[in-house]
Amino acid sequence: MKNKKQVNNLIESSFNRLKQTIVNNPITIIIGIFVIVHILHLITRYHFVLWDEAVYIGIGKYIWSLGNVGLCEEIRPLGLPVILGFLWKISLNPIFWGRIIEMLFASGCIILVYKITNRLFNKQTAIISTIIFMITPIFLYNSFRLMTGIPSTFFVLLTVYLFIRKNYITAGLTTAWAFLFRYPSGLIFLCCLGALFI
């Protein structure tokens, strides 16, 4: 009887801690829902590889095979192909694992939107803006694709977050990473530079 009471107390205290975590940190619920939707989509839907996705995989193979396999389009940024090519090099499926990595970048974007708006405004505004950002069709569509939009957005948001925390050197480094994933994302450097003088 004593053991049963201890087990019940343990379960009750665990639920109370979980409830407290959710109340104090609502981003965990938002990210949890996003990840569950992504995993369900990954498991239940066939991923038709678009031309641009195939090109990024091909460039990755070209880089990691030193030009023996794949193709090279010089106009494409190298950030995503290096990751996808590395997955191929270590014998992992670049389509499946690339989508997992895209999901992680997308989750990072959601967390950064929450952190930036919470820092600049308040918790309620942060929750609302994060939900709106998460359900935006263009964000959802790109988070399911092996494209450069989500990783570059992650690094742009990370740059903004570091910049508003006055961590300028690290913000400059993340700007370089954003540029590696999508060339126009490097313009965030000019925005931050301009903000310093306003």
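Below: a short report on this structure. (Residues numbered from 1 in each chain as written. Predicted model: local features only at pLDDT ≥ 70, side-chain atom pairs only at ≥ 80, totals over all residues. Heavy atoms only, no water.)

## A word on the packing of helix α2 (residues 27-44) against helix α5 (residues 94-120)
Stage number 1. The contact between α2 and α5 brings their axes to 10 Å, and the two run at 160°. In this view, α2 runs roughly antiparallel relative to α5, as classed from their interaxial angle. At the point where α2 passes α5, the crossing takes the right-handed sense. Judged by residue contacts, Ile27, Ile30, Ile31, Phe34, Val35, His38, Ile39, His41 and Leu42 of α2 engage Phe96, Arg99, Ile100, Met103, Ala106, Ser107, Ile110, Ile111 and Tyr114 from α5. (Axes fitted to C-alpha atoms, helices over the stretch in contact; angles between N-to-C directions. Helix = DSSP H or I, 4+ residues; strand = E, 2+ residues; numbered from the N terminus. Parallel < 35°, antiparallel > 145°, perpendicular 65-115°, else oblique. Left-handed = near helix turned anticlockwise from the far one by under 90°. Contact = heavy atoms within 4.5 Å.)

## Some points on a positive patch on the surface
Stage number 1. There is a patch of like positive charges on the surface, built from Lys115, Arg119, Arg165 and Lys166.
Stage number 2. Secondary-structure assignment places Arg119 in helix α5.
Stage number 3. In this structure Arg119 comes out as partly exposed when scored by relative accessible area, which is 47%. (Patch = residues over 30% accessible without salt bridge, like charges linked within 9 Å, V, L, I, M, F, W, Y side chains within 5 Å. Areas by Shrake-Rupley, 256 points an atom, 1.4 Å probe, with all protein chains shown as cover. Salt bridge = Lys/Arg side-chain N within 4 Å of Asp/Glu carboxyl O. Lys, Arg positive; Asp, Glu negative; His and termini not counted. Charge placed at Lys NZ, Arg CZ, Asp CG, Glu CD. Buried < 20%, exposed > 50% of the residue type's maximum accessible area, 1.4 Å probe, protein only.)

## Quick notes on empty space enclosed by the protein
The rolling of a water-molecule-sized probe over the atoms marks out the regions of remaining empty space.
Stage number 1. Across all of its chains, the model carries 1 cavity of 30 Å³ or more by this definition.
Stage number 2. Quantified by volume, the largest cavity comes out at close to 40 Å³.
Stage number 3. In terms of lining, the largest cavity is formed by His38, Ile39, Leu42, Arg99 and Met103.
Stage number 4. Those elements giving two or more residues to the lining of the largest cavity turn out to be α2 and α5.
Stage number 5. No other element matches the 3 residues that α2 contributes to the lining of the largest cavity.
Stage number 6. Partitioned by chemical class, the residues of the lining of the largest cavity number 3 nonpolar, 1 polar and 1 charged. (1 Å grid on protein atoms, 1.4 Å probe; cavity = no way out; pocket = protein on both sides within 12 Å on 5 of 7 lines; lining within 4 Å. Points joined across faces, edges and corners; volume = space filled by probe spheres on them. Nonpolar A, V, L, I, M, F, W, Y, C, P; charged D, E, K, R; others polar.)

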